[in-house]
Every structure is written in C-alpha cells, then in structure tokens.
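# Remarks on the overall topology
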Amino acid sequence: MNPGLAAGEALGNRFLLVEASGLDGADPSALALEQCGDRDGLLLVGPEGAEARTVAIWNRDGSAGGACLNGLRVVALWLGGEEGAFQMAGHRVNWKRREGGVELFLPGEGLPARESMDEIHVGGLDGLGIPFWNPHAVFSVNDPEAVDLGALAAETRRLNNL
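Summary of the structure given here.

### Digging into the overall build of the protein
A count of helical and extended segments in the protein gives three helices and 10 strands. Its C-alpha atoms put the protein at 45 × 35 × 30 Å along the principal axes. Within the span of the protein, comprising 162 residues, buried residues form 34% of the whole. Pairs at least 24 residues apart make up 43% of the contacts formed inside the protein by residues separated by at least 6 positions. With the model as given, the accessible surface of the protein reaches about 9400 Å², and the carbon-plus-sulfur share is 49%. Where the 12 positive side-chain charges of the protein centre and where its 23 negative ones centre are 3 Å apart.

See below:
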C-alpha cells in the first residue's frame, strides 16, 4: 500500500510524508513500520486548522515520534508557500521560508533551561542530555564522520533512559 507517499530530507533526517486525508483508514503506525525502511519516520500531515496545520510523526518501528523540528522543515518545503504554522505534539511552531531552507520560530517558554540539562558519558564521550520536547543528547567530537551515530544513539538511550 502506498497512499501518496512522498520522500523528503532536512539536515540529515529522511522521512516519508503523507496527507492524513490520503490514508483512507490505514493505520499510520503500521504504514511507518511497513514503508519507512532506513528512513527516520513517517510524517502525517493533517488539514489546515484555524491556527495551524497539524503534523504527527511515526518512527520507522511504528511508535509515535513526539516532536521533530527537522520533520517540520520537510513538511514546510513539501507544502510550499512562504510562511505558516504547525501544531506538533502539543507545540505550535511558526515557520518562514528563507534562502536555502526553512527557519522555525520556537516559543521561548518551550525551550529547555540550562539547569535541566544532565551531563552524560557514553562510549568515552562527554555530552549533555537535553530535555527538549523529546529527548536529545549533544556530544562534541573532532570528526563526526568517525562516529558510529547509530551505535552512539542506541548506547545513549540505553544508559540514560532517553
């Protein structure tokens, strides 16, 4: 089943996109599990609401993905237009097309405070766990190409309950 799926990418994240109206009762969780392969997830784009268009993300394993800012960039480019607003996982994010991409405008009250960040240590690397809408971790490395990101992510989740 391929209900009008489109592919998109933003800052290294790769997604499949579909309009919610095109699902015809299909389960987006099952569709993500079935169709995403090595992509990061399925972006389900809802109808334009009174204030914002809804967007939901389903991870490639079929689980709900929470919020994904790179996913919102992909949706903005896919839909076209110059500016707008999205509602994702309870958060409103305004956007505007800029040369070379899409700029997102996040509400200040939704940003994490430095005090809420935990120092984490994974695979010999020191980093920060950042509670930003969904769990994130940041590590400083000299050569990003030399890091196995998949293994680092899995170990980070395992050790830090992210």
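We are not done yet, so read on.
### Quick look at the environment of Trp-95
With respect to the helices and strands, the residue Trp-95 is situated in strand 6 (residues 91-98). Sequence separation between Trp-95 and Leu-72 is 23 residues, and the spatial gap between their C-alpha atoms is 8.6 Å. In this structure, Trp-95 is in contact with Ala-76, Gly-80, Gly-81, Glu-82, Glu-83, Gly-84, Ala-85, Phe-86, Val-102, Glu-103, Leu-104 and Phe-105, ignoring residues within four places of it in sequence.

### Some details on the sheet that holds strand 4 (residues 53-59)
Adjacent strands of a sheet form backbone hydrogen bonds with each other and so pair up, either parallel or antiparallel. Here we have seven strands laid out as an open sheet, ordered 1-2-3-4-5-6-7, and mixed in their pairing. Edge positions in the open sheet fall to strand 1 (6-10) and strand 7 (101-105), since each of these has one partner strand only. Recorded for the sheet is a direction-independent mean angle of 35° between the axes of neighbouring strands. Looking at chain direction, strand 4 and strand 5 (residues 83-88) are connected through two bridges and run parallel.

### Some words on unusual backbone geometry
The phi dihedral of Asp-24 is positive, around 45°, even though this residue is not glycine. Following the sequence through the fold, Asp-24 ends up in the loop between strand 2 (13-19) and helix 1 (28-35). Even without being a glycine, Ala-89 presents a positive backbone phi close to 50°. Tracing the chain through its elements places Ala-89 in the loop between strand 5 and strand 6. On the basis of relative accessibility, which here comes to 48%, the residue Ala-89 falls in the partly exposed class.

About the criteria used
- Residues numbered from 1 in each chain as written.
- Predicted model: local features only at pLDDT ≥ 70, side-chain atom pairs only at ≥ 80, totals over all residues.
- Heavy atoms only, no water.
- Helix = DSSP H or I, 4+ residues; strand = E, 2+ residues; numbered from the N terminus.
- Buried < 20%, exposed > 50% of the residue type's maximum accessible area, 1.4 Å probe, protein only.
- Contact = heavy atoms within 4.5 Å.
- Areas by Shrake-Rupley, 256 points an atom, 1.4 Å probe, with all protein chains shown as cover.
- Lys, Arg positive; Asp, Glu negative; His and termini not counted.
- Charge placed at Lys NZ, Arg CZ, Asp CG, Glu CD.
- Pairing = 2+ DSSP bridges.
- Axes fitted to C-alpha atoms, helices over the stretch in contact; angles between N-to-C directions.

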